[in-house]
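Residues per chain are reported as follows:
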Amino acid sequence: MLASAAVLTAIAPIALPAPALADSSSPAAAVAGRHTGPDVIDTRAADVYPEGVAWDPTRRAFLVGSALKGTLSVIRLDGTVEELAPSLGMVSTLGIRVDTARNRILVAYSDFWIRQRLEVGDQPPTSGVAVFALDTGKLQRRIDVAQGLARTFANDLTFDPQGNIYVTDSVSATLQRIDLAGHVTPVVTDPRFAADIVGLNGITWHPDGYLLALRYDNGAMFRITPNAPAGRRVAEVALPRPLVGTDGLALRPDGSLVVVTNSIGEAVGAPGGVDAVTVVASRDGWRSATVRSQVAPWPTGGPTTVAVTPYGDYVLSGEVGTVLVGETSDRIVLRRLPRSTTPHHGHHGHRPTGASTSSTSTSSKGTIR
């Protein structure tokens, strides 16, 4: 998500310093033990504004995209930031997944926000999936999912055990699939997916053979079974309340779902939610779900998604909302979802530490690998 043309045209080339962790005098920045990882990684990197994040077990580090520059970067547990892959062009790099079995990094990209702010010349509306080699970071291929549409916004993605990729388009009623050969086919077209600005967004593969996805603007959750008969592929999941403003989500090993909501969309006219992290769970195969826990408000503003790691669940706040309203910041925060057990209706005190209401001890947008 991007700033005004004045801000965008004034930016300098990426400069990635090697910042440290947050001030160690803060309890939230303390490292609890050798194998636990930091509670907060509070770092700096110019002009990155990451919206998507994934855990890379091969580097023991986070991979992030750039809503502003279309790059791919590594953030290590000590806060060091380094570019892994150069810009894909005038696009935002958004949802990210790591497929270790196939040595792939999968990245959804789109110029949807850039087109709102900049003159892109004769570049047609652009959305796609970029495939990078996990070991080298080298771009292997770009797969177009725009299909000639006048409006297209590839936003998030996930993949199944066979390696098929599923891509949400936040302004389309169609969910698309990409097979290992790079062929793009529609999984389903459903009017409940379509939106003017930001509709279907976060998506993840469930090991029982279906997808879970949420709309940003109205907070509806869907269970999508790609191989079901055509008329039975989509079912809305019954929620106790809509999760409005859902951006990213992640399935935990215990089967619960971590959902990150924000109010960033309000800057561009999309109904937004609150800055919060909610854990939901289901006992009936995601035909319905209940709220297990919630942290609201989230201690760092503008959270967009979460990465499940061996050290816990880390929520990304990459200042996307800041650049969207035409301001600048170089701050990137990855804050771990605390593991304490408290009632699920939320905790509004102790904001500096991000006290958790989680009732689980298990540690993105994405399938856990």
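Our structure's up above, just so we're on the same page.
Residues numbered from 1 in each chain as written. Predicted model: local features only at pLDDT ≥ 70, side-chain atom pairs only at ≥ 80, totals over all residues. Heavy atoms only, no water.

**A few points about the overall build of the protein chain**
What counts here: Strands are runs of DSSP state E lasting at least two residues, helices are runs of H or I lasting at least four, and both sets are numbered from the N terminus onward. Whether a residue is buried, partly exposed or exposed follows from its accessible area with a 1.4 Å probe, protein chains only, as a fraction of its type maximum: under 20%, in between, or over 50%, in that order. Reported accessibility uses the Shrake-Rupley method at a 1.4 Å probe radius. Residues are deemed covered only where the shown protein chains occlude them.
Counting its regular elements, the protein chain contains three helices and 24 strands. A total of 369 residues make up the protein chain; the buried ones form 59% of that total. Only carbon and sulfur atoms are counted for the fraction: they give 52% of the accessible area of the protein chain, which is about 13,800 Å².

**Digging into the nonpolar core**
As a rule of thumb, nonpolar side chains are buried together in soluble globular proteins. Convention followed: Residues grouped as a nonpolar core are buried Ala, Val, Leu, Ile, Met, Phe, Trp, Tyr and Cys residues, joined through side-chain atoms within 4.5 Å. By definition, residues are in contact when any of their heavy atoms lie within 4.5 Å.
Counting 17 residues, the largest nonpolar core has Leu-72, Ile-105, Val-107 and Phe-132 as its most contacted members. Looking at this core, the elements with two or more residues in it are strand E3 (61-64), strand E4 (72-76), strand E5 (81-85), strand E6 (92-99), strand E7 (104-110) and strand E8 (127-133). In terms of residue count, E7 provides more of this core than any other element does, three residues in total. Dropping the residues within four chain positions of it, Phe-132 is found in contact with Leu-72, Ala-85, Leu-88, Asn-103, Arg-104, Ile-105, Val-107, Gly-137, Lys-138, Leu-139 and Gln-140. The next biggest cluster of nonpolar side chains, apart from the first, holds 16 residues, and it includes Ala-45, Val-64, Val-81 and Leu-334.

**So, the side chain of Gln-176**
Applicable threshold: Think of a polar contact as two N or O atoms within 3.5 Å of one another; within protein, one of them needs to be a possible hydrogen donor and the other a possible acceptor, and neighboring residues in sequence only count if both atoms come from side chains.
The topology assignment puts Gln-176 in strand E12 (residues 174-178). According to the relative accessible area criterion, Gln-176 is buried, its value standing at 12%. A distance of 3.5 Å separates the side chain of Gln-176 from the backbone oxygen of Val-145, its partner in a polar contact. Once residues lying within four places of it in the same chain are set aside, the contact partners of Gln-176 are Val-145, Gln-147, Ile-165, Tyr-166, Val-167, Val-184, Thr-185, Pro-186 and Val-187.

**Some thoughts on the pattern of salt bridges**
Quick note on the threshold: A pair is scored as a salt bridge if a Lys or Arg side-chain nitrogen falls within 4 Å of a carboxyl oxygen belonging to Asp or Glu.
Going through the model one piece at a time under the given rule, you end up with 13 salt bridges. A salt bridge links Arg-192 to Asp-190; its shortest N-O distance comes to 2.9 Å. Owing to a relative accessible area of 9%, Asp-190 belongs among the buried residues under this scheme.

**Details of the packing of aromatic side chains**
Quick note on the threshold: Working definition: rings of Phe, Tyr and Trp (its six-membered ring) pair if their centres are within 6.5 Å, and the pair is stacked with planes under 30 degrees apart, edge-to-face with planes over 60 apart, and tilted otherwise.
A complete count under the given rule lists six aromatic pairs for this structure. Between the aromatic rings of Trp-55 and Phe-62, the centroid separation amounts to 5.1 Å while the plane-to-plane angle is 75 degrees, which identifies the pairing as edge-to-face. Like Trp-55, the residue Phe-62 is buried in the burial classification. An angle of 65 degrees between the planes, with centres 5.3 Å apart, marks the rings of Phe-62 and Tyr-314 as edge-to-face.

**Observations regarding the sheet that holds strand E19 (residues 257-261)**
The cut-off we apply is this: Only strands joined by at least two bridges in the DSSP assignment are considered to pair. Between N-to-C directions, angles cover 0 to 180 degrees, with each direction set by a line fitted to C-alpha atoms, over the stretch in contact for helices.
As summarised here, the arrangement of the four strands in space is E18-E19-E20-E21, forming an open sheet in which the pairing is antiparallel. Every other strand in the sheet has two partners, leaving strand E18 (246-251) and strand E21 (290-295) as the edge strands with one partner each. Recorded for the sheet is a direction-independent mean angle of 25 degrees between the axes of neighbouring strands. Examined bridge by bridge, E18 and E19 share four bridges and lie antiparallel to one another. The partner of Thr-246 across the bridge, within E19, is Thr-261.

**Looking at the side chain of Thr-278**
Along the chain, Thr-278 falls in strand E20 (residues 276-281). Here the side chain of Thr-278 touches Gln-294 through a polar contact of 2.8 Å, side chain to side chain. Residues within four places of Thr-278 in sequence aside, it is in contact with Leu-243, Leu-257, Val-258, Val-259, Val-291, Ser-293 and Gln-294.

**As for the pairing of strand E9 (residues 139-144)**
In terms of strand pairing, E8 meets E9 through five bridges, oriented antiparallel. Across the sheet, residue Phe-132 finds its bridge partner in E9, namely Leu-139. From the end of E8 to the start of E9, which pair antiparallel, there are five residues, and Gly-137 there has a positive phi angle of about 80 degrees.

**Thoughts on the sheet that holds strand E2 (residues 53-56)**
Across the sheet, which stays open at both edges, the four strands sit in the order E2-E3-E4-E5 with antiparallel pairing between neighbours. Lying at the two open borders of the sheet, with one neighbouring strand each, are E2 and E5. Between one strand axis and the next, the sheet turns through 30 degrees on average, direction left out of account. Pairing of E4 with E5 involves four bridges; the strand directions are antiparallel. Bridging from a neighbouring strand, Ser-73 pairs with Glu-83 of E5.

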